[in-house]
Every structure is written in C-alpha cells, then in structure tokens.
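The residues making up each chain are set out below.
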Amino acid sequence: YCRRGFCSLVPFLLTLTRFSPSKRLADTLPFIIWFVCCRDHIFFYVCCFFFFFLSQLHSDSDRGDGSVKYVLTGEGAGSLFKIDEKSGDIHATKRLDREEKAYYILHAKAVNRFTNEALEGESEFIIKIHDINDNEPRFTKDPYMARVPEMSDIGTSVIQVTATDADDATYGNSAKVVYSILEGQPYFSVDPETGLIKTALPGMDREVKENYQVVIQAKDMAGQMGGLSGTTTVSITLSDVNDNPPRFTKTLYEFRVPESNEVGSSVGVIRAMDADIGQNAEMDYRIIGSDGPGMFDITTNRSTQDGIIVLRKPLDFERKRQYSLRVQVENSHINPRFYSMGPFRDEATIKIVVEDVDEPPEFERASYVMEVKEDAAKNTVIGSVSASDPDDKNSLVRYSIDRRTDMDRVFNIHAGNGSVFILRELDREENAWHNISVIATEFNNPRQISRVPVYIRVLDVNDNAPTFATNYETFVCENAKANQRIQTISATDPDEPLAGHRFFFGLAQDAAGKANFSVRDNKDNTAGILTRRNSYSSLQKSVYHVPVVISDGEFPMQSSTNTLTIRVCTCDREGNMKLCNAEALTARAGLSTGALVAILLCVIILLSERQRKKEPLIISKEDVRDNVVSYNDEGGGEEDTQAFDIGTLRNPEAIEESKQRRDIVPETFYPPVRRPVLPPTRDNNGDVRDFINQRLQDNDSDPTAPPYDSLATYAYEGNGSVAESLSSLESVTTEGDQDYNYLSEWGPRFKKLADMYGGDDSDRDS
C-alpha cells in the first residue's frame, strides 16, 4: 500500500499452491515480497524463480466504479509483466531467470479511463530477482589432456582443471565449487579448492602402465548435500624418461661370411633392446676388443637402432678362418637422475666365420715391367709372369695374352710357365712402349681368371742414320768471297742414345777434289757451308748440289749422304738476294723453263679459242637436240622431242640393243654401242640411278657425241599418287601404247593436257 509522500514497509506472505500442478515442496514454499515506498519509487524484491501473481497497485482516487485505469510500462511490460487495468494486479507471464536478467525497471501510473488524464504521478518499480541454485558447475574442457614424466615424485603437478557456476557468487553458496576425484586413486589427487591435479603415488613406470583416466567432480553449495555437480575426464599420459639400460638379447652372436665379400659390405646385424622410447632408446655400438684389429667396424642405424658390422679389410680364408669381436652398446643420452639404477650399457661377443670361396689365380706382382732391344730376334724371351691358385687345392694355372691389348700379335706367352716372347720384329722409333694384359686361368675351373698389366719397353739400338734437320733453301751471291759462310746446317736422328747425339759432318769423298764449297764441322752438332772461291756466275751454272755426309758417334756407326741445293743469285752489297735464275727457282719443283713457257702458251690458246667459239647451244627451236616447249597455259605436262626416248627410264628392258643417237648423223664406221640391260627391281621398275650412271658412261665413251656439251635431263616423280604421274617417265616406250582420254575427266585444270594428248590418233597425226 502506498500513499504519496508516505514511506512504509509492508511485508506480504503468499503461498502459491494453486499454481503448482505437481504439488512439489519447492512449489508450495512461501514467498516474501517487500514493497518499499519512498516518494516516487516503489521497489519490489522477488525471492522466487517462477510465479504468476506479483502484487497489486491501488490509487486513492479509485472508488471502485471502474473509472480508474492502471497502466504499466518499462522492461518486460506487456510481454513478461502484465497489469490488470481495473484491479491493478501485476502478473508474471513466464519463468524468471536471474542468469538471463537480474532486475527489471517498470513504470506504473493511474489514469482516468474516459479522459485518459493522469490521476497521480508516474511511479518507477525496480524488480530484483534473487538467485536460487539452479545451475550446476561446468568445466571449461572435457576431456582434459595432460602429460607427466614417469617416476615423478609425490605431489608433482600434472594439470589444473577449472569449473564455473552460473549462479550468483555473492548470494549464498550457490556458486561455491569444491573439487573431488571420483576415479584415478591412488595414482592422483586433486586440490578441492584450486582443482590442481597432482601425483599421489611414487615410482609410476611408463613401461608398466602408460595411460590413466581420471574423473574429477565439481560440486556447488560448497560440497554440501543438495548441491549440483558436474564432472570431467582427464587423460594423463606418462612421458618416457631414460630409466632402462639397453640389453643384448644374446651374449654370443655368430655370423658366416664368404671370403669374397667386398670391403665396405655388411657382415651381420646385431640388436640390443631398450624398453624406453624415442631419444631415450638411442644407443651407440662400438668394438672394444678383436683378434683382427682393423678388420671390422660397427655402425649404428639411427632409424632401427641396430648395430651393423662392416668389413674394412679383405678376407682370406687361407690366412685366417675365424674372428672374435667384443662389442659394447650404451645409451646415447643418460639421465643423471637414474645413475643409481645401474650401468646403462651391455656387452656381447661376436664370432665371425670365414667361408672358403674358389678364387681366381693371384699374380706375384700387381704389374710387370720388361725390357727388350729393338733388334731382338723373333721368339726371344723378354721376361715371365707368375701366378698361383690361392685356394687349398692349388689348381694349375694357364697363361694367355688378351689379344685386345695386342692386336698386331707382336708378343706371345708360354701357357705353362708364363714366359713372354716376341713374335715380330720391333721398332722403337715406331712404338717405344707396348702395354699388354696377361690372363691367368685356373686349369680346373676356366671361369676363374685374373689379369695383370705388363709394360714392355723397347730399348734403342743405333739403327737409323742422321739426316738434315730440315729442308734448307740455300743461295750464294755471285759476288761472294772465298771462305764465306752461306749456310749453317744441323741434323736429326730418331735414335735416342743414352749419352745424347753427336753428329759429324763432311763432304762426300767423290766430291772433295772438285768441290766449289766446303763443309766445316762446328763440333756442336752443326756445320757451316763455306765458299771455296771468290765469285760465281749464274750464267755459267745457276745451281750447285753439295753432297754432305752426316754420321753419328754410336755403335754401330750410321751415316747418310744428304744433298744440299745451292742457288746462284744476284745480291746487293750487303749480301741480300735480289734476283735468282728462273731455272733455280723451278728446280725444286722439277719443271724446266721450257715446260713453263709451254704451259703458259697452252693456257692462252685455250682462253682465246673459248672466247671465239662461245655460242648458244640451241640456235633455233628446230634444233634436233632437246628443246623446251613453252606455252602460257597452266599444266600441259611434257612434250618430248625425238632427241631422247625418256620412256626407257622407267622400262629399261625396252631399250633397243643397237639404238643410235638421234641428234647426230651416225658414222657407219663406228660400231654400235652395246648397253647392258638392267635387271628389274622388286617393283618391276628399273633402278633410275643405275640407268642414269649407265647413260652417263655411254655418253662419255660414245665417239659420235658432238664436240660440245649436251645436257640430258632425267626426272623421277615418285610413286603413291592417286592420279599417278603425269610425266613421260611413267609412260611406255611408244606413245601409241598410252591412252590419255582420262585427262578430259579431270576438270578444267587439265584441259590443255586433254587437248594435247586426249584426242584420237587421227587428230594427233594431223
């Protein structure tokens, strides 16, 4: 009840049983509403979560005659809250939820129903909704995922879970949440206030159990009875730590390997087991003892953690048949926390048995070097090779030379004892070294072979005479003085004496008495050519030939006579050549002056004759030789004259044996040219190339041919055309045998050809 300017607190006790069909206890609880009137504001405190009738408004002006109308406006007016216009009763139309909206602000007034004039001032209502525990706690995640290292101490934090309650935390304990563990004991515990999960049991081993499922409950009302609760699942995985050492599955491993295994190949694989995983299971292998140092090595396969035994040196069954290794394995990453759990390493013994393999023969040396003089006689033994079977059976060995390395068959070898001898004469100047390959083959097993290179050096023998080092072009001036040096000569020798070359120069004995020149040995493998008189005349003699004898100083001594050609030339005062005799200039080419003059005269005559007789080959269109018939129409094919019967190109069998040329009058005293008939090919046509070559040969050898060039043209258009060839190459020898009437059916493009070839015989003859 409210009067303007009057404040009062009126408590009401309402029992709403008529609105609860289920008649539950909570629905029949009394609800207390306080109306606080203070001047223009009226406050409603509603302690319920759902009810219909809230209160009643009444004005002093209301005499009960229905003239007063109550109006309600504001939040939720008309939809959530409704007022009876006549009685002023305020009702709630639906359930009120504090979590959706905690309070509503309404405005109420009384007006005259007929004039709609306000009877009193507008009053404001604030309806606050008190919370009840109608929301259970909810976890922020479901499920939670967590990891904790195995072997963790008690109280090690794992993960913190969080639950929230939508109820009002400032009113009662509706939002006060307490955590508890429903599943997961005795391994884990949870802090009831913070939700922090911790380990509760020491020594949890991942290798025993890796995954745990923990159920955590969150309950409001501080955990008291009647409170609402929610649960979540926490999946906890124990992460691995290196708490297990590697262990070999066996203490003794045995492997068998053929002695033919290549260096670097795998001999065997061993494996140590480690219960840990990932990086904690990585291990290293090493050899800590062996009766064959350096023979083997061991490496770790990082993807499988296997130990791979690798061969480092060649095996030999005949030398050592068994090896023993001591191998150790150790974790690569050791956690100092678990040192007390024992050494993180293990050891094992490996026995390697070498198996015998039939091996090829082995040479005593990796290569052989032999020497032989180049004048050695045939069948001379120059050395020997030796190979043996390394196996216990010691099979006999047969020797041979790989002929691919001795294509000229210069050498041979004794099959039984390996002696190498020569089959042909040697020449060091031609080949100073011979490299051959000798093959050794087991007598009992020819598939077992081995090879060895043999390098044969051919030793020098003085079997070549020295000669001029080059071709000298020497001249002497007509005004030369006696004892004047006009040339310095040297020599060369393909031989290679150990002490080096020493050459001796001199004039030939038969020319020493009447010589015009002398030879002076310079004692340094050179010699000077000197004049023996004061002057020379090119008119008297233009060329001198000086025989020079060159000998070497080796045994047996070799010598040769070399001719030095000296020209007589006209020189200036300084001795520079100005002019030499023409005969001297051409003497080296072997042509005389008369020959040169004759050649020049012949060239002049030929040029003048060609210029005088230069005329066109075809003087008129009536020439009996091949003509080109031209016209301005497109097409038309070929019109062959009687010069050549080109049809024989495609039918060589039709060639007449004694057919003469038709471009000249045949001479009766010349015999007819006989031409061989070409054999037909697979496609019944003659070989065009052979026919043309034969015709070319006939024209070249035909004495009746004209004394001027004649051009004979042959053509071949190929096969495969639907219309076939238009050339006479495809026609028969005689034109009368060919029918050209089909040309008129090919359209206007072939009209000219149809007119020329497609008419009747009478038309063509006319």
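The structure presented is a predicted model; accordingly, all values stated were derived computationally and were not measured. (Residues numbered from 1 in each chain as written. Predicted model: local features only at pLDDT ≥ 70, side-chain atom pairs only at ≥ 80, totals over all residues. Heavy atoms only, no water.)

Engineer: Now, about helix H4 (residues 688-701): what can you tell me, with residues and values included?
Structural biologist: Across its 14 residues, H4 extends 20 Å between first and last C-alpha, which sits within 8% of the 20 Å expected from 1.5 Å per residue. Along H4, the positions that sit buried rather than exposed are Val688, Phe691, Gln694, Arg695 and Asp698. Each buried residue of H4 lies within a common arc of 125° when the element is viewed along its axis, so the set occupies one face. Along H4, exposed side chains directed more than 90 degrees from the buried face belong to Arg689 and Asp700. (Helix = DSSP H or I, 4+ residues; strand = E, 2+ residues; numbered from the N terminus. Expected span 1.5 Å × (residues − 1). Buried < 20%, exposed > 50% of the residue type's maximum accessible area, 1.4 Å probe, protein only. Arc of directions from axis to C-beta.)

Engineer: Describe the sheet that holds strand S11 (residues 144-149), listing the residues and the values that go with them.
Structural biologist: Pairing is mixed across the open sheet formed by four strands, whose spatial order is S11-S18-S17-S14. Unpaired on one side and paired on the other, S11 and strand S14 (178-183) mark the two borders of the sheet. Taking the axes of each pair of neighbouring strands and ignoring which way they run, one obtains an average angle of 35° across the sheet. When S11 meets strand S18 (residues 229-239), the two strands line up parallel, connected through six bridges. In the strand pairing of S18, Pro149 is matched with Ser239. (Pairing = 2+ DSSP bridges. Axes fitted to C-alpha atoms, helices over the stretch in contact; angles between N-to-C directions.)

Engineer: Explain the sheet that holds strand S15 (residues 188-190) to me, and be specific about the residues and the numbers.
Structural biologist: Here we have three strands laid out as an open sheet, ordered S12-S16-S15, and antiparallel in their pairing. Edge positions in the sheet fall to strand S12 (157-160) and S15, since each has one partner strand and no second. Neighbouring strand axes in the sheet, compared pairwise and without regard to direction, differ in orientation by 25° on average. Pairing between S15 and strand S16 (residues 196-199): three bridges, direction antiparallel. Among the inter-strand pairings, Val190 is bridged to a residue of S16, identified as Ile197.

Engineer: With reference to specific residues and values, describe the packing of aromatic side chains.
Structural biologist: Applying the stated criterion to the full structure yields 11 aromatic pairs. Judged by centre distance (5.3 Å) and plane angle (75°), the rings of Phe81 and Tyr104 are edge-to-face. Highlighted residues: Phe81 in strand S6 (residues 81-83) and Tyr104 in strand S8 (residues 103-112), separated in sequence by 23 residues. Judged on exposure class, the residue Phe81 and its partner Tyr104 are both buried. Ring centres of Phe468 and Tyr472 lie 5.3 Å apart, and the angle between their planes is 90°; on these two criteria the pair is classed as edge-to-face. A relative accessible area of 14% places Phe468 in the buried class. An aromatic cluster of three or more residues is present, and its members are Tyr187, Phe188 and Tyr212. Cation over ring: Lys320 sits above Tyr323, and NZ or CZ is 5.3 Å from the ring centre. (Phe/Tyr/Trp six-rings, centres within 6.5 Å; stacked < 30°, edge-to-face > 60°. Lys NZ or Arg CZ within 6 Å of the ring centre and 35° of its normal.)

Everything listed here is a matter of geometry and, on its own, says nothing about what the molecule does.
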